[in-house]
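Observations on the three-dimensional arrangement
Residue strings, one per chain:
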Amino acid sequence: MWSEVEEVAKAARDIDITGLFSDPTRAETFSTRFDGMLFDYSKTALTVPARAALLTLAQTADVAARRAAMFAGEAINETEARPVLHTALRNLSGQPVMVEGSDIMAEITETRARMARFADTVRQGPITDVVNIGIGGSHLGPEMAVRALRPYHDGPRCHFVSNVDGADIADTLAGLNPATTLVIVASKTFTTIETMTNAATAQAWMTRAGVNPGPQFAAVSSAAARAADWGIDASAVFGFGDYVGGRYSVWGPIGLPLMIAIGPDRFKDFLRGAEAMDQHFQTATPLENMPLLLGLIGLWHHQGLGHGTRAVLPYDQRLARLPAYLQQLEMESNGKRVSMSGAALSRPSGPVVWGEPGTNGQHAFYQLIHQGTAVVPCEFLVAATGHEPELAHHHRLLVANCLAQSKALLRGRSLDEARALMRDAGYTGPELERQAAHRVFPGNRPSTTLIYDRLTPRRLGQIIALYEHRVFVEGVILGINSFDQWGVELGKVLAVDVDAMLTGDTNPTRDGSTAALVAFARAAGV
Ligand SMILES: O=P(O)(O)OC[C@H]1O[C@](O)(CO)[C@@H](O)[C@@H]1O
(Lines give C-alpha, C1' and ligand atoms only; values in the text may rest on other atoms or scores of the structure.)
Protein backbone atom coordinates (compact mmCIF):
# COMPACT_ATOMS: atom_id res chain seq x y z
CA MET A 1 0.00 0.00 0.00
CA TRP A 2 2.81 2.39 0.90
CA SER A 3 5.37 1.29 -1.67
CA GLU A 4 4.27 3.76 -4.31
CA VAL A 5 4.32 6.61 -1.78
CA GLU A 6 7.77 5.54 -0.61
CA GLU A 7 9.00 5.62 -4.17
CA VAL A 8 7.69 9.10 -4.92
CA ALA A 9 8.94 10.27 -1.53
CA LYS A 10 12.44 9.04 -2.39
CA ALA A 11 12.35 11.07 -5.59
CA ALA A 12 10.92 14.08 -3.75
CA ARG A 13 14.00 14.40 -1.54
CA ASP A 14 15.84 15.96 -4.50
CA ILE A 15 12.99 18.17 -5.62
CA ASP A 16 13.52 21.91 -5.69
CA ILE A 17 10.10 23.25 -4.75
CA THR A 18 10.82 26.65 -6.26
CA GLY A 19 11.55 24.89 -9.54
CA LEU A 20 8.06 23.38 -9.48
CA PHE A 21 6.68 26.90 -9.89
CA SER A 22 7.99 26.99 -13.44
CA ASP A 23 4.56 25.52 -14.04
CA PRO A 24 2.49 28.72 -13.96
CA THR A 25 -0.61 26.79 -12.92
CA ARG A 26 1.01 25.21 -9.87
CA ALA A 27 -0.62 27.47 -7.27
CA GLU A 28 -4.03 26.71 -8.78
CA THR A 29 -3.38 22.99 -9.24
CA PHE A 30 -2.11 22.51 -5.70
CA SER A 31 -4.77 24.40 -3.79
CA THR A 32 -8.43 24.07 -3.06
CA ARG A 33 -11.16 26.47 -2.01
CA PHE A 34 -14.23 26.03 0.10
CA ASP A 35 -16.71 28.51 1.50
CA GLY A 36 -14.52 31.55 2.13
CA MET A 37 -11.29 29.59 2.61
CA LEU A 38 -8.33 28.88 0.36
CA PHE A 39 -5.98 26.03 1.25
CA ASP A 40 -2.69 26.39 -0.60
CA TYR A 41 -0.31 23.43 -0.52
CA SER A 42 1.72 24.38 -3.56
CA LYS A 43 4.77 25.23 -1.40
CA THR A 44 5.43 21.54 -0.75
CA ALA A 45 7.38 18.99 -2.75
CA LEU A 46 4.15 17.34 -3.89
CA THR A 47 4.00 16.64 -7.58
CA VAL A 48 1.09 15.31 -9.59
CA PRO A 49 2.38 11.68 -9.36
CA ALA A 50 3.12 12.03 -5.63
CA ARG A 51 -0.37 13.36 -4.99
CA ALA A 52 -1.82 10.56 -7.09
CA ALA A 53 0.10 7.99 -5.01
CA LEU A 54 -1.30 9.52 -1.81
CA LEU A 55 -4.81 9.51 -3.21
CA THR A 56 -4.38 5.85 -4.13
CA LEU A 57 -3.24 5.22 -0.56
CA ALA A 58 -6.47 6.79 0.71
CA GLN A 59 -8.45 4.68 -1.72
CA THR A 60 -6.69 1.48 -0.72
CA ALA A 61 -7.27 2.20 2.96
CA ASP A 62 -10.91 2.82 2.04
CA VAL A 63 -11.15 6.16 3.79
CA ALA A 64 -14.50 6.72 2.06
CA ALA A 65 -16.05 3.57 3.55
CA ARG A 66 -14.69 4.34 7.01
CA ARG A 67 -15.98 7.91 6.73
CA ALA A 68 -19.42 6.60 5.77
CA ALA A 69 -19.28 4.20 8.73
CA MET A 70 -18.44 7.07 11.09
CA PHE A 71 -21.26 9.31 9.90
CA ALA A 72 -23.66 6.34 9.96
CA GLY A 73 -23.00 5.66 13.64
CA GLU A 74 -21.15 2.37 13.33
CA ALA A 75 -18.98 1.49 16.33
CA ILE A 76 -15.70 2.51 14.68
CA ASN A 77 -14.11 3.20 18.08
CA GLU A 78 -13.50 -0.51 18.36
CA THR A 79 -11.48 -0.62 21.58
CA GLU A 80 -14.29 1.10 23.43
CA ALA A 81 -17.07 -0.42 21.30
CA ARG A 82 -18.59 3.00 20.57
CA PRO A 83 -19.73 4.97 17.59
CA VAL A 84 -17.98 8.27 16.87
CA LEU A 85 -20.66 10.89 16.40
CA HIS A 86 -19.44 14.32 17.38
CA THR A 87 -20.76 15.20 13.92
CA ALA A 88 -24.30 14.60 15.23
CA LEU A 89 -23.83 17.50 17.67
CA ARG A 90 -23.62 19.87 14.68
CA ASN A 91 -26.17 18.15 12.51
CA LEU A 92 -28.69 20.93 11.92
CA SER A 93 -30.13 19.32 8.80
CA GLY A 94 -33.13 17.72 10.42
CA GLN A 95 -31.90 14.32 9.22
CA PRO A 96 -31.94 11.50 11.79
CA VAL A 97 -28.73 9.93 13.11
CA MET A 98 -29.29 6.37 14.20
CA VAL A 99 -27.46 4.53 16.97
CA GLU A 100 -28.55 0.96 17.58
CA GLY A 101 -31.88 1.59 15.91
CA SER A 102 -32.78 4.88 17.63
CA ASP A 103 -32.46 8.43 16.41
CA ILE A 104 -30.16 10.36 18.76
CA MET A 105 -31.06 13.75 17.27
CA ALA A 106 -34.10 14.38 19.49
CA GLU A 107 -31.98 14.20 22.62
CA ILE A 108 -29.20 16.33 21.13
CA THR A 109 -31.63 19.00 19.94
CA GLU A 110 -33.43 19.04 23.25
CA THR A 111 -30.15 19.44 25.17
CA ARG A 112 -29.05 22.24 22.84
CA ALA A 113 -32.35 24.04 23.42
CA ARG A 114 -31.93 23.64 27.20
CA MET A 115 -28.38 24.99 26.94
CA ALA A 116 -29.69 27.97 24.98
CA ARG A 117 -32.33 28.76 27.61
CA PHE A 118 -29.74 28.41 30.35
CA ALA A 119 -27.24 30.57 28.46
CA ASP A 120 -29.84 33.26 27.82
CA THR A 121 -30.73 33.37 31.51
CA VAL A 122 -27.08 33.61 32.54
CA ARG A 123 -26.46 36.32 29.95
CA GLN A 124 -29.27 38.44 31.40
CA GLY A 125 -27.39 38.77 34.71
CA PRO A 126 -26.66 39.20 37.54
CA ILE A 127 -23.85 36.72 36.66
CA THR A 128 -20.76 38.70 35.65
CA ASP A 129 -18.24 35.86 35.42
CA VAL A 130 -18.30 32.23 34.37
CA VAL A 131 -15.57 29.83 35.54
CA ASN A 132 -15.29 26.63 33.53
CA ILE A 133 -13.55 23.88 35.47
CA GLY A 134 -12.42 21.01 33.27
CA ILE A 135 -9.30 19.57 31.68
CA GLY A 136 -8.22 18.10 28.34
CA GLY A 137 -11.19 17.86 26.02
CA SER A 138 -13.38 19.47 28.67
CA HIS A 139 -11.19 22.55 28.64
CA LEU A 140 -9.08 23.08 25.54
CA GLY A 141 -11.92 23.41 23.02
CA PRO A 142 -14.05 25.97 24.85
CA GLU A 143 -11.00 27.87 26.07
CA MET A 144 -9.59 28.10 22.55
CA ALA A 145 -12.92 29.02 20.97
CA VAL A 146 -13.92 31.58 23.59
CA ARG A 147 -10.62 33.35 23.06
CA ALA A 148 -10.83 33.05 19.27
CA LEU A 149 -14.24 34.72 19.11
CA ARG A 150 -13.59 37.61 21.49
CA PRO A 151 -15.05 40.20 19.06
CA TYR A 152 -18.42 38.43 19.33
CA HIS A 153 -18.60 38.38 23.13
CA ASP A 154 -21.59 40.10 24.60
CA GLY A 155 -22.11 37.88 27.65
CA PRO A 156 -20.35 37.53 30.99
CA ARG A 157 -16.58 37.13 31.16
CA CYS A 158 -15.41 33.51 30.86
CA HIS A 159 -12.48 32.07 32.77
CA PHE A 160 -10.95 28.62 32.61
CA VAL A 161 -9.38 26.48 35.33
CA SER A 162 -7.81 23.17 34.38
CA ASN A 163 -4.62 22.38 36.27
CA VAL A 164 -4.70 20.59 39.60
CA ASP A 165 -1.96 23.05 40.59
CA GLY A 166 -3.76 25.22 43.13
CA ALA A 167 -2.13 28.24 41.52
CA ASP A 168 -4.55 27.92 38.61
CA ILE A 169 -7.76 28.19 40.60
CA ALA A 170 -6.27 30.62 43.14
CA ASP A 171 -5.25 33.07 40.42
CA THR A 172 -8.57 32.68 38.61
CA LEU A 173 -10.84 33.17 41.60
CA ALA A 174 -8.80 36.07 42.98
CA GLY A 175 -10.75 39.18 42.17
CA LEU A 176 -14.01 37.40 41.27
CA ASN A 177 -17.16 37.99 43.25
CA PRO A 178 -18.60 34.66 44.48
CA ALA A 179 -22.09 36.17 44.48
CA THR A 180 -22.02 36.86 40.73
CA THR A 181 -19.93 33.91 39.51
CA LEU A 182 -21.28 30.82 37.77
CA VAL A 183 -19.12 27.69 37.97
CA ILE A 184 -19.44 25.08 35.24
CA VAL A 185 -17.94 21.73 36.19
CA ALA A 186 -17.13 20.14 32.84
CA SER A 187 -16.16 16.51 32.96
CA LYS A 188 -17.41 13.78 30.69
CA THR A 189 -16.77 11.16 33.37
CA PHE A 190 -17.17 13.39 36.43
CA THR A 191 -14.32 11.50 38.05
CA THR A 192 -11.24 13.33 36.74
CA ILE A 193 -9.15 14.13 39.79
CA GLU A 194 -8.02 17.58 38.65
CA THR A 195 -11.57 18.70 37.87
CA MET A 196 -13.17 17.27 40.98
CA THR A 197 -10.46 18.78 43.20
CA ASN A 198 -10.90 22.20 41.60
CA ALA A 199 -14.69 21.96 41.75
CA ALA A 200 -14.57 21.24 45.49
CA THR A 201 -12.24 24.22 45.99
CA ALA A 202 -14.61 26.51 44.07
CA GLN A 203 -17.54 25.24 46.09
CA ALA A 204 -15.69 25.94 49.36
CA TRP A 205 -14.77 29.42 48.07
CA MET A 206 -18.43 30.27 47.57
CA THR A 207 -19.56 28.76 50.83
CA ARG A 208 -16.86 30.65 52.74
CA ALA A 209 -18.20 33.87 51.26
CA GLY A 210 -21.70 33.03 52.49
CA VAL A 211 -22.99 32.30 49.01
CA ASN A 212 -25.08 29.17 48.42
CA PRO A 213 -23.22 27.32 45.64
CA GLY A 214 -26.35 25.33 44.70
CA PRO A 215 -27.86 27.71 42.15
CA GLN A 216 -24.46 28.88 40.92
CA PHE A 217 -23.07 25.55 39.84
CA ALA A 218 -23.79 23.81 36.56
CA ALA A 219 -22.37 20.56 35.22
CA VAL A 220 -21.53 19.27 31.78
CA SER A 221 -21.15 15.53 31.88
CA SER A 222 -22.12 12.19 30.41
CA ALA A 223 -22.39 10.94 34.00
CA ALA A 224 -25.56 12.76 35.03
CA ALA A 225 -26.01 10.59 38.13
CA ARG A 226 -22.57 11.50 39.46
CA ALA A 227 -23.25 15.20 38.89
CA ALA A 228 -26.51 14.83 40.79
CA ASP A 229 -24.71 13.02 43.62
CA TRP A 230 -22.35 15.93 43.75
CA GLY A 231 -25.32 18.18 44.45
CA ILE A 232 -25.82 19.87 41.12
CA ASP A 233 -29.46 20.44 40.25
CA ALA A 234 -30.66 18.29 37.36
CA SER A 235 -31.89 21.40 35.52
CA ALA A 236 -28.29 22.63 35.37
CA VAL A 237 -26.76 19.36 34.19
CA PHE A 238 -26.14 19.01 30.46
CA GLY A 239 -25.23 15.59 29.18
CA PHE A 240 -23.92 14.06 26.01
CA GLY A 241 -23.65 10.52 24.76
CA ASP A 242 -20.53 8.39 25.00
CA TYR A 243 -20.40 8.52 21.20
CA VAL A 244 -18.69 11.91 21.65
CA GLY A 245 -15.02 11.75 22.61
CA GLY A 246 -13.66 14.39 25.01
CA ARG A 247 -11.40 16.08 22.46
CA TYR A 248 -14.27 16.18 19.94
CA SER A 249 -16.85 17.58 22.32
CA VAL A 250 -16.79 21.37 21.92
CA TRP A 251 -19.89 21.21 19.70
CA GLY A 252 -22.25 20.17 22.47
CA PRO A 253 -22.61 20.98 26.16
CA ILE A 254 -18.82 21.26 26.58
CA GLY A 255 -19.23 24.38 24.41
CA LEU A 256 -21.54 25.97 27.02
CA PRO A 257 -19.03 28.69 28.02
CA LEU A 258 -18.76 29.67 24.35
CA MET A 259 -22.54 29.76 24.00
CA ILE A 260 -22.75 31.96 27.10
CA ALA A 261 -20.02 34.26 25.79
CA ILE A 262 -21.33 34.77 22.24
CA GLY A 263 -24.98 33.81 22.56
CA PRO A 264 -26.94 30.83 21.21
CA ASP A 265 -27.41 32.30 17.70
CA ARG A 266 -23.72 32.78 17.06
CA PHE A 267 -23.02 29.41 18.64
CA LYS A 268 -25.32 27.99 15.98
CA ASP A 269 -23.24 29.74 13.31
CA PHE A 270 -20.21 27.99 14.79
CA LEU A 271 -22.04 24.66 14.42
CA ARG A 272 -23.16 25.59 10.90
CA GLY A 273 -19.54 26.08 9.88
CA ALA A 274 -18.60 22.63 11.16
CA GLU A 275 -21.66 21.10 9.54
CA ALA A 276 -20.68 22.66 6.22
CA MET A 277 -17.23 21.10 6.57
CA ASP A 278 -18.84 17.73 7.33
CA GLN A 279 -20.82 18.00 4.11
CA HIS A 280 -17.76 19.04 2.18
CA PHE A 281 -15.73 16.15 3.59
CA GLN A 282 -18.41 13.68 2.55
CA THR A 283 -19.19 15.01 -0.88
CA ALA A 284 -16.23 16.91 -2.36
CA THR A 285 -14.14 15.12 -4.96
CA PRO A 286 -10.73 13.98 -3.68
CA LEU A 287 -8.89 16.83 -5.43
CA GLU A 288 -11.18 19.39 -3.83
CA ASN A 289 -11.53 17.71 -0.48
CA MET A 290 -9.74 19.89 2.07
CA PRO A 291 -9.64 17.47 5.03
CA LEU A 292 -8.56 14.61 2.80
CA LEU A 293 -5.77 16.68 1.27
CA LEU A 294 -4.65 18.07 4.64
CA GLY A 295 -4.49 14.53 6.01
CA LEU A 296 -2.55 13.25 3.01
CA ILE A 297 -0.08 16.12 3.26
CA GLY A 298 0.41 15.29 6.94
CA LEU A 299 1.22 11.69 6.03
CA TRP A 300 3.43 12.83 3.17
CA HIS A 301 5.57 14.96 5.46
CA HIS A 302 5.77 12.63 8.45
CA GLN A 303 5.54 9.06 7.17
CA GLY A 304 6.66 9.80 3.61
CA LEU A 305 9.52 12.25 4.07
CA GLY A 306 10.32 11.51 7.71
CA HIS A 307 9.83 14.98 9.19
CA GLY A 308 9.21 14.26 12.87
CA THR A 309 7.17 17.29 13.86
CA ARG A 310 4.82 19.80 12.34
CA ALA A 311 4.25 23.38 13.40
CA VAL A 312 0.83 25.00 13.44
CA LEU A 313 1.31 28.72 13.07
CA PRO A 314 -1.85 30.81 13.31
CA TYR A 315 -1.23 34.43 12.38
CA ASP A 316 -3.99 35.39 14.74
CA GLN A 317 -3.41 36.28 18.36
CA ARG A 318 -6.93 35.13 19.16
CA LEU A 319 -6.00 31.64 17.96
CA ALA A 320 -3.19 31.52 20.51
CA ARG A 321 -4.61 28.33 22.02
CA LEU A 322 -5.16 26.57 18.69
CA PRO A 323 -1.77 24.79 18.84
CA ALA A 324 -2.55 23.47 22.34
CA TYR A 325 -6.00 22.40 21.20
CA LEU A 326 -4.54 20.62 18.18
CA GLN A 327 -1.90 18.96 20.32
CA GLN A 328 -4.64 17.10 22.13
CA LEU A 329 -6.76 16.55 19.04
CA GLU A 330 -3.91 15.16 16.96
CA MET A 331 -1.55 13.60 19.48
CA GLU A 332 -4.16 11.99 21.75
CA SER A 333 -5.93 10.69 18.65
CA ASN A 334 -3.03 9.47 16.54
CA GLY A 335 -0.17 9.00 19.01
CA LYS A 336 -0.56 5.23 19.01
CA ARG A 337 1.80 2.27 18.70
CA VAL A 338 -0.49 -0.54 17.61
CA SER A 339 -2.95 -0.85 14.77
CA MET A 340 -6.64 -1.54 15.16
CA SER A 341 -5.84 -5.28 15.27
CA GLY A 342 -3.40 -4.84 18.18
CA ALA A 343 -0.31 -5.53 16.04
CA ALA A 344 2.68 -3.20 16.38
CA LEU A 345 2.71 -0.46 13.74
CA SER A 346 5.28 -0.88 11.04
CA ARG A 347 5.64 2.85 10.41
CA PRO A 348 5.48 5.94 12.62
CA SER A 349 2.09 7.08 13.89
CA GLY A 350 1.22 10.75 14.41
CA PRO A 351 3.91 13.44 14.56
CA VAL A 352 4.65 15.88 17.36
CA VAL A 353 2.48 18.96 16.84
CA TRP A 354 3.53 22.31 18.19
CA GLY A 355 3.27 26.01 17.50
CA GLU A 356 2.59 29.55 18.58
CA PRO A 357 0.85 32.46 16.96
CA GLY A 358 2.70 34.64 14.50
CA THR A 359 4.32 37.03 14.59
CA ASN A 360 5.47 36.09 18.12
CA GLY A 361 6.94 32.76 17.04
CA GLN A 362 9.09 34.55 14.47
CA HIS A 363 11.03 36.14 17.32
CA ALA A 364 11.45 32.84 19.11
CA PHE A 365 11.74 29.50 17.32
CA TYR A 366 11.63 30.47 13.63
CA GLN A 367 15.42 30.54 13.75
CA LEU A 368 15.34 26.74 13.95
CA ILE A 369 12.61 26.48 11.33
CA HIS A 370 14.66 28.48 8.84
CA GLN A 371 18.20 27.38 9.59
CA GLY A 372 18.05 24.38 11.94
CA THR A 373 19.09 20.94 10.78
CA ALA A 374 15.58 19.45 11.09
CA VAL A 375 12.94 20.28 8.52
CA VAL A 376 9.67 21.34 10.17
CA PRO A 377 6.68 21.42 7.82
CA CYS A 378 4.74 24.56 8.73
CA GLU A 379 0.98 25.00 8.60
CA PHE A 380 0.14 28.69 8.42
CA LEU A 381 -3.36 30.01 9.12
CA VAL A 382 -4.36 33.61 8.54
CA ALA A 383 -7.48 35.71 8.10
CA ALA A 384 -7.40 38.26 5.28
CA THR A 385 -9.18 40.81 7.45
CA GLY A 386 -9.34 41.51 11.16
CA HIS A 387 -12.07 42.81 13.40
CA GLU A 388 -10.56 46.23 14.13
CA PRO A 389 -11.08 48.46 11.06
CA GLU A 390 -9.20 51.29 12.77
CA LEU A 391 -6.19 48.94 13.09
CA ALA A 392 -6.27 47.63 9.53
CA HIS A 393 -2.62 48.61 9.11
CA HIS A 394 -1.71 46.16 11.91
CA HIS A 395 -3.61 43.44 10.14
CA ARG A 396 -1.97 44.10 6.81
CA LEU A 397 1.43 43.78 8.47
CA LEU A 398 0.30 40.53 10.07
CA VAL A 399 -0.75 39.09 6.71
CA ALA A 400 2.46 40.35 5.09
CA ASN A 401 4.53 38.60 7.74
CA CYS A 402 2.64 35.34 7.34
CA LEU A 403 3.05 35.28 3.57
CA ALA A 404 6.67 36.42 3.84
CA GLN A 405 7.52 33.52 6.15
CA SER A 406 6.25 30.85 3.78
CA LYS A 407 8.05 32.63 0.96
CA ALA A 408 11.29 32.75 2.96
CA LEU A 409 11.01 29.06 3.84
CA LEU A 410 10.57 28.31 0.16
CA ARG A 411 13.23 30.45 -1.47
CA GLY A 412 15.86 30.64 1.27
CA ARG A 413 19.04 32.62 0.64
CA SER A 414 21.89 31.17 -1.39
CA LEU A 415 25.58 31.37 -0.51
CA ASP A 416 26.13 33.78 -3.37
CA GLU A 417 23.40 36.06 -2.10
CA ALA A 418 24.86 35.90 1.40
CA ARG A 419 28.33 36.71 0.03
CA ALA A 420 26.95 39.72 -1.83
CA LEU A 421 25.38 40.97 1.40
CA MET A 422 28.66 40.59 3.25
CA ARG A 423 30.58 42.27 0.47
CA ASP A 424 28.19 45.22 0.68
CA ALA A 425 28.80 45.29 4.42
CA GLY A 426 32.54 45.65 3.79
CA TYR A 427 33.78 42.11 4.47
CA THR A 428 36.48 40.50 2.37
CA GLY A 429 38.50 37.26 2.18
CA PRO A 430 38.03 34.41 4.69
CA GLU A 431 36.03 36.60 7.07
CA LEU A 432 33.53 37.28 4.27
CA GLU A 433 33.20 33.52 3.72
CA ARG A 434 32.75 32.83 7.44
CA GLN A 435 30.14 35.54 7.89
CA ALA A 436 28.30 34.57 4.71
CA ALA A 437 27.95 30.93 5.83
CA HIS A 438 25.89 32.04 8.84
CA ARG A 439 23.53 34.02 6.63
CA VAL A 440 22.62 31.21 4.24
CA PHE A 441 19.04 29.90 4.40
CA PRO A 442 18.71 26.46 2.77
CA GLY A 443 15.11 27.17 1.70
CA ASN A 444 13.10 24.43 0.00
CA ARG A 445 11.25 23.97 3.30
CA PRO A 446 7.61 22.96 2.92
CA SER A 447 4.61 24.83 4.21
CA THR A 448 0.88 25.06 3.64
CA THR A 449 -1.33 28.11 4.13
CA LEU A 450 -4.98 28.24 5.02
CA ILE A 451 -6.24 31.75 4.32
CA TYR A 452 -9.82 32.79 4.98
CA ASP A 453 -11.81 35.98 4.88
CA ARG A 454 -12.23 36.59 8.62
CA LEU A 455 -12.37 34.57 11.83
CA THR A 456 -16.14 34.47 12.35
CA PRO A 457 -17.95 31.83 14.42
CA ARG A 458 -18.76 29.98 11.20
CA ARG A 459 -15.17 30.05 9.99
CA LEU A 460 -13.87 28.82 13.34
CA GLY A 461 -16.34 25.93 13.21
CA GLN A 462 -15.09 25.05 9.74
CA ILE A 463 -11.45 25.19 10.75
CA ILE A 464 -11.87 22.93 13.78
CA ALA A 465 -13.94 20.42 11.81
CA LEU A 466 -11.30 20.52 9.06
CA TYR A 467 -8.63 19.48 11.54
CA GLU A 468 -10.87 16.82 13.12
CA HIS A 469 -11.39 15.19 9.75
CA ARG A 470 -7.71 15.50 8.91
CA VAL A 471 -6.93 13.48 12.04
CA PHE A 472 -9.54 10.95 10.94
CA VAL A 473 -8.01 10.58 7.47
CA GLU A 474 -4.52 10.08 8.89
CA GLY A 475 -5.79 7.60 11.49
CA VAL A 476 -7.66 5.48 8.95
CA ILE A 477 -4.68 5.29 6.61
CA LEU A 478 -2.38 4.39 9.50
CA GLY A 479 -4.88 1.73 10.56
CA ILE A 480 -5.14 3.00 14.12
CA ASN A 481 -8.01 3.87 16.41
CA SER A 482 -8.04 7.68 16.60
CA PHE A 483 -10.80 7.70 19.20
CA ASP A 484 -9.39 6.02 22.29
CA GLN A 485 -6.65 7.29 24.61
CA TRP A 486 -5.36 4.40 26.69
CA GLY A 487 -1.99 6.09 26.90
CA VAL A 488 -3.24 8.58 29.47
CA GLU A 489 -4.35 5.94 31.96
CA LEU A 490 -1.17 4.59 33.53
CA GLY A 491 0.04 7.94 34.83
CA LYS A 492 -3.35 8.60 36.41
CA VAL A 493 -3.22 5.28 38.30
CA LEU A 494 0.35 5.80 39.44
CA ALA A 495 -0.43 9.34 40.64
CA VAL A 496 -2.72 7.81 43.26
CA ASP A 497 0.09 5.48 44.43
CA VAL A 498 2.64 8.28 44.52
CA ASP A 499 0.22 10.51 46.42
CA ALA A 500 0.08 7.83 49.11
CA MET A 501 3.88 7.84 49.24
CA LEU A 502 3.92 11.62 49.62
CA THR A 503 1.54 11.43 52.57
CA GLY A 504 3.64 8.63 54.06
CA ASP A 505 0.75 6.15 53.93
CA THR A 506 2.77 3.69 51.91
CA ASN A 507 6.46 2.90 51.74
CA PRO A 508 8.50 4.33 48.93
CA THR A 509 8.78 2.36 45.78
CA ARG A 510 11.64 0.08 44.71
CA ASP A 511 12.24 2.55 41.88
CA GLY A 512 15.14 4.43 43.46
CA SER A 513 14.68 7.57 41.43
CA THR A 514 11.06 8.06 42.45
CA ALA A 515 11.91 7.16 46.03
CA ALA A 516 14.58 9.86 46.14
CA LEU A 517 12.24 12.44 44.61
CA VAL A 518 9.49 11.53 47.10
CA ALA A 519 11.98 11.80 49.96
CA PHE A 520 13.09 15.23 48.78
CA ALA A 521 9.49 16.46 48.45
CA ARG A 522 8.60 15.10 51.92
CA ALA A 523 11.68 16.66 53.50
CA ALA A 524 10.74 19.98 51.92
CA GLY A 525 7.24 19.71 53.42
CA VAL A 526 5.09 18.72 50.44
O1 LIG B 1 -13.97 15.10 30.69
P2 LIG B 1 -13.20 14.24 31.61
O3 LIG B 1 -13.85 12.91 31.84
O4 LIG B 1 -12.95 14.96 32.92
O5 LIG B 1 -11.81 13.92 30.95
C6 LIG B 1 -10.92 14.95 30.62
C7 LIG B 1 -9.86 14.51 29.65
O8 LIG B 1 -9.10 13.44 30.19
C9 LIG B 1 -8.72 12.56 29.15
O10 LIG B 1 -9.39 11.36 29.34
C11 LIG B 1 -7.25 12.33 29.13
O12 LIG B 1 -6.68 12.34 30.39
C13 LIG B 1 -9.13 13.25 27.88
O14 LIG B 1 -9.34 12.42 26.83
C15 LIG B 1 -10.32 14.00 28.33
O16 LIG B 1 -10.63 15.00 27.42
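These notes cover the structure that comes with them. No experiment lies behind these values; they were computed from the predicted model shown. (Residues numbered from 1 in each chain as written. Predicted model: local features only at pLDDT ≥ 70, side-chain atom pairs only at ≥ 80, totals over all residues. Heavy atoms only, no water.)

1. Some thoughts on the overall build of the protein
- Each helix and strand in the protein was counted, giving 21 helices and 13 strands.
- In terms of overall size, the protein behaves like a compact globule, its C-alpha atoms giving a radius of gyration of 25 Å where 526 residues would be expected to give roughly 24 Å.
- The dimensions of the protein, computed from C-alpha atoms along their principal axes, are 75 × 60 × 60 Å.
- For the protein, the proportion of its 526 residues judged to be buried stands at 52%.
- Of the roughly 23,000 Å² of accessible surface on the protein, a fraction of 55% belongs to carbon and sulfur atoms. (Helix = DSSP H or I, 4+ residues; strand = E, 2+ residues; numbered from the N terminus. Rg over C-alpha atoms; globule rule 2.2 N^0.38 Å. Buried < 20%, exposed > 50% of the residue type's maximum accessible area, 1.4 Å probe, protein only. Areas by Shrake-Rupley, 256 points an atom, 1.4 Å probe, with all protein chains shown as cover.)

2. A closer look at the sheet that holds strand β2 (residues 37–40)
- Read from one edge to the other, the open sheet built from 6 strands follows the order β1-β2-β13-β12-β10-β11, with strand pairing classed as mixed. Two strands bound the open sheet, and with one partner strand each, they are β1 (31–34) and β11 (352–354). With direction set aside, neighbouring strand axes in the sheet form an average angle of 15°.
- Across 6 bridges, strand β12 (residues 378–383) lies against strand β13 (residues 447–452) in parallel orientation. Within β13, the position partnered with V382 by the bridge is I451.
- Docked against the sheet, helix α13 (residues 290–304) engages β1, β2, β10 (309–315), β12 and β13, running at close to 25° with respect to β2. (Pairing = 2+ DSSP bridges. Axes fitted to C-alpha atoms, helices over the stretch in contact; angles between N-to-C directions. Contact = heavy atoms within 4.5 Å.)

3. Some thoughts on a nonpolar patch on the surface
- A cluster of nonpolar side chains, namely L490, V493 and L494, defines an oily patch on the protein surface of about 290 Å² accessible area.
- With respect to the helices and strands, the residue V493 is situated in helix α20 (residues 489–503). (Patch = residues over 30% accessible without salt bridge, like charges linked within 9 Å, V, L, I, M, F, W, Y side chains within 5 Å. Salt bridge = Lys/Arg side-chain N within 4 Å of Asp/Glu carboxyl O.)

4. Some details on unusual backbone geometry
- Note that the residue after G125, namely P126, is joined by a cis bond; omega there is 10°.
- Between G358 and the following residue, T359, the backbone shows a cis peptide bond with an omega angle of 10°.
- In this structure, T359 sits in the loop between β11 and α15 (366–371).
- In the Ramachandran plot, D62 falls in the positive-phi region, its phi being about 55° despite a non-glycine side chain.
- Counting through the fold element by element, D62 comes out in the loop between α4 (48–60) and α5 (63–71).
- Judged by relative accessible area, D62 falls into the partly exposed class, the value being 41%.
- Located in the positive-phi region is F190, a residue other than glycine, with phi close to 60°.

5. A closer look at the sheet that holds strand β7 (residues 181–186)
- One open sheet holds the 5 strands; their spatial order is β6-β5-β7-β8-β9, and the pairing between them is parallel. Taken across any chain shown, the strands that pair with only one partner, and hence form the sheet edges, are β6 (157–161) and β9 (237–238).
- By the bridge criterion, 5 bridges tie strand β5 (residues 129–133) to β6 in an arrangement that is parallel. By the bridge assignment, D129 is partnered in β6 with R157.
- Strands β5 and β6 of the sheet are contacted by helix α8 (residues 166–173), whose axis makes an angle of about 165° with β6.
- The strands touched by helix α9 (residues 193–208) within the sheet are β5, β6, β7 and β8 (217–220), with β7 carrying the most contacts at an inclination of about 160°.

6. A few points about the packing of α5 against helix α19 (residues 457–478)
- Close contact between α5 and α19 brings their axes to 10 Å; oriented N to C, the two are set at 125°. The angle between the axes of α5 and α19 places the two elements in the oblique class. At the point where α5 passes α19, the crossing takes the right-handed sense. Within the contact between the two elements, α5 uses V63, R66, R67, M70 and F71 and α19 uses H469, F472, V473, V476 and I477.
- Residue composition of the contact of α5 with α19, by class: 7 nonpolar, 1 polar and 2 charged. (Parallel < 35°, antiparallel > 145°, perpendicular 65-115°, else oblique. Left-handed = near helix turned anticlockwise from the far one by under 90°. Nonpolar A, V, L, I, M, F, W, Y, C, P; charged D, E, K, R; others polar.)

7. Here's the deal with the side chain of E474
- Along the chain, E474 turns up in helix α19.
- Taking the relative accessible area as the measure of exposure, E474 reaches 2% and is therefore buried.
- Once you skip the residues sitting within four places of it in the chain, E474 turns out to touch L294, G295, G298, L299, R310 and N334.

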